[in-house]
Amino acid sequence: KELFSFLLDNIYVKFRGRLYKQVVGIPMGCDCAPLVADLFLHWYEHDFISKGVINKESYIHFLKFASRYIDDLNTPNIPSSLVDVICNNIYPNDLEIVMTNENNKST
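Residues numbered from 1 in each chain as written. Predicted model: local features only at pLDDT ≥ 70, side-chain atom pairs only at ≥ 80, totals over all residues. Heavy atoms only, no water.

(A) Highlighting unusual backbone geometry. Phi at Arg 16 takes a positive value of approximately 50 degrees, unusual for a residue other than glycine. Tracing the backbone shows Arg 16 in the loop between strand S1 (12-15) and strand S2 (18-21). Residues other than glycine seldom take positive phi values, yet Lys 56 does so here, at roughly 55 degrees. With respect to the element layout, Lys 56 can be found in the loop between helix H2 (33-54) and strand S3 (67-69). (Helix = DSSP H or I, 4+ residues; strand = E, 2+ residues; numbered from the N terminus.)

Dropping the structure here:
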């Protein structure tokens, strides 16, 4: 935990010859960025699903076949009418969610 906190608190980026400390998030060029993004999103999803199972929420069965690859979430059996509802309840408001449809076009 301490090593992880140290890593997040001591990330610097160089832009136009000047050095800046990263204060929010992780630069996507950083070696640890994909792993940290995956852990961050998984934590929110696990918490959401756990609470849904405990509360016997009706939408939980739609997440049965959901899978993740780095920061992409594949949910093949969720009706499009529920995607926004579910995503808005899983992730923090400042995280931008972009849904793509079956034609691989952003909506």
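(B) Region of interest: the pattern of salt bridges. Counted according to the given criterion, the structure contains three salt bridges. Note that Arg 68 and Asp 38 form a salt bridge whose closest N and O atoms lie 3.7 Å from each other. Here Asp 38 lies in helix H2 and Arg 68 lies in strand S3, a separation of 30 residues in the sequence. A relative accessible area of 23% places Arg 68 in the partly exposed class. (Salt bridge = Lys/Arg side-chain N within 4 Å of Asp/Glu carboxyl O. Buried < 20%, exposed > 50% of the residue type's maximum accessible area, 1.4 Å probe, protein only.)

(C) Molecular detail of a nonpolar patch on the surface. Taken together, the side chains of Phe 4, Leu 7, Leu 35 and Leu 39 make up a nonpolar region of the molecular surface, amounting to roughly 360 Å² of accessible area. Within the residue set of the nonpolar patch, elements represented by two or more residues are helix H1 (2-9) and H2. (Patch = residues over 30% accessible without salt bridge, like charges linked within 9 Å, V, L, I, M, F, W, Y side chains within 5 Å. Areas by Shrake-Rupley, 256 points an atom, 1.4 Å probe, with all protein chains shown as cover.)

(D) Quick look at the packing of aromatic side chains. According to the stated counting rule, one finds three aromatic pairs in the structure shown. Between Phe 40 and Tyr 44, the aromatic rings sit 5.0 Å apart at their centres with planes inclined by 70 degrees, giving edge-to-face as the arrangement. With a gap of four residues between them, Phe 40 and Tyr 44 both fall in helix H2, about one helical turn apart. Each member of the aromatic cluster is reached from another via a ring pair, and the members are Phe 40, Trp 43 and Tyr 44. (Phe/Tyr/Trp six-rings, centres within 6.5 Å; stacked < 30°, edge-to-face > 60°.)

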